[in-house]
Amino acid sequence: DAGITQSPRHKVTETGTPVTLRCHQTENHRYMYWYRQDPGHGLRLIHYSYGVKDTDKGEVSDGYSVSRSKTEDFLLTLESATSSQTSVYFCAITPDGIEVGEQYFGPGTRLTVT
Amino acid sequence: QKEVEQDPGPLSVPEGAIVSLNCTYSNSAFQYFMWYRQYSRKGPELLMYTYSSGNKEDGRFTAQVDKSSKYISLFIRDSQPSDSATYLCAMSEGGSYIPTFGRGTSLIVHP
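Residues numbered from 1 in each chain as written. Chains lettered and ligands numbered in written order. Predicted model: local features only at pLDDT ≥ 70, side-chain atom pairs only at ≥ 80, totals over all residues. Heavy atoms only, no water.

Re the packing of aromatic side chains
Just so we agree on the cut-off: Note on aromatic pairs: the rings of Phe, Tyr and Trp (six-membered ring only in Trp) are paired at centre separations within 6.5 Å, and the planes decide the class, stacked below 30 degrees, edge-to-face beyond 60, tilted for the rest. Strands are runs of DSSP state E lasting at least 2 residues, helices are runs of H or I lasting at least 4, and numbering of each runs from the N terminus. Here the term buried applies to any residue with accessible area under 20% of the maximum for its type, exposed to any over 50%, and partly exposed to those in between, with areas from a 1.4 Å probe on protein chains only.
Scanning the entire structure with this criterion turns up 17 aromatic pairs over all chains. Pairing A:Phe105 with B:Phe101 gives two aromatic rings, centres 6.1 Å apart and planes at 75°, and the pair type is edge-to-face. On the criterion of chain membership, the pair formed by A:Phe105 in strand β10 (residues 104–105) and B:Phe101 in strand β10 (residues 100–101) is interchain, its members lying in two chains. In this structure, A:Phe105 and B:Phe101 share a single accessibility class: buried. Put simply, the rings of A:Tyr31, A:Tyr33, A:Tyr35, A:Tyr48, A:Tyr50, A:Phe90, A:Phe105, B:Tyr36, B:Tyr97 and B:Phe101 pair up and form one aromatic cluster.

What about the sheet that holds strand β3 (residues 19–25) of chain A?
All names here are of chain A. Defined as follows: Strand pairing is assigned whenever DSSP identifies at least 2 bridges connecting the two strands. Axis lines are fitted to C-alpha atoms, over the contacting stretch for helices. Their N-to-C directions set the angle, which ranges from 0 to 180 degrees.
Spatial strand order, β1-β3-β8-β7: 4 strands in an open sheet with antiparallel pairing. Only two strands of the sheet have a single neighbouring strand rather than two, namely β1 (4–7) and β7 (64–70). For this sheet, the mean angle separating the axes of adjacent strands, direction not counted, is 20°. With 6 bridges joining them, β3 and strand β8 (residues 73–78) adopt antiparallel strand pairing. The residue bridging leucine 21 from the neighbouring strand is leucine 76, located in β8.

So, in C-alpha cells, the structure goes:
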C-alpha cells in the first residue's frame, strides 16, 4: 500500500463546469503523476510533478491544469469540463530512492461529464 | 505507431495453463521494464520490475527481456482464476521518471 488516496472516487458533472480532483499521499515523495485511462488508449499521462510548485505537462495536458502547494497533495483541475474528459483518472507516485520508472497508483476517480 | 505495442486480447486460458504475455517496443533507449496487473475497477499494481536484459522470477511469475529483439514477456505458471486481470507493460529510459505504457492485455483464466 503506497498510501495514496484520491477524492472524490466518483463524480458526475455537467459540461462547462470546473472540476478538481485531489490526490493525497502519506509519504511525501517528490514525484507524483496524473493519468487518464480510456478503452483503446490505455494509460495516458496528463501532468506530473517533481516537487512543490514544480510541474510539467504530459502527453494529453490540453484542458487540464495542476497545482502542488504541499508535498502530499497534487490537484488536477478541469477548468471547463467537456464530454471528452469523461474517463477514469489515476494518480501515481514514484517513491524516493527507488529505481526510476516504478510507479504506484491510487484507486482512481471515475469522472462522467454529461 | 506507438512506442510500445501490446495485444489487447482478451486471452482466455484454462486454469493451470502457462500464460505468455508480450510487448514489443521501438525505443532502444529503454532500460527499465515493468509489468503491472490491474483488476477491474482498480488501480494498476506493480507486479514485476527488470533492469536491462535477462530474466527475473517471482513465484509463479517470470519476466523476460530481450533487448536485441526489443521484446519483453511475462510468463504465468499454473494460472489461477484470480490471475484474471489486465496486464500492462511499461518501460522507461535510464534517468527518466516517465514510463511509456502499453495498452494492456486482458487475461481470463477460467476454472
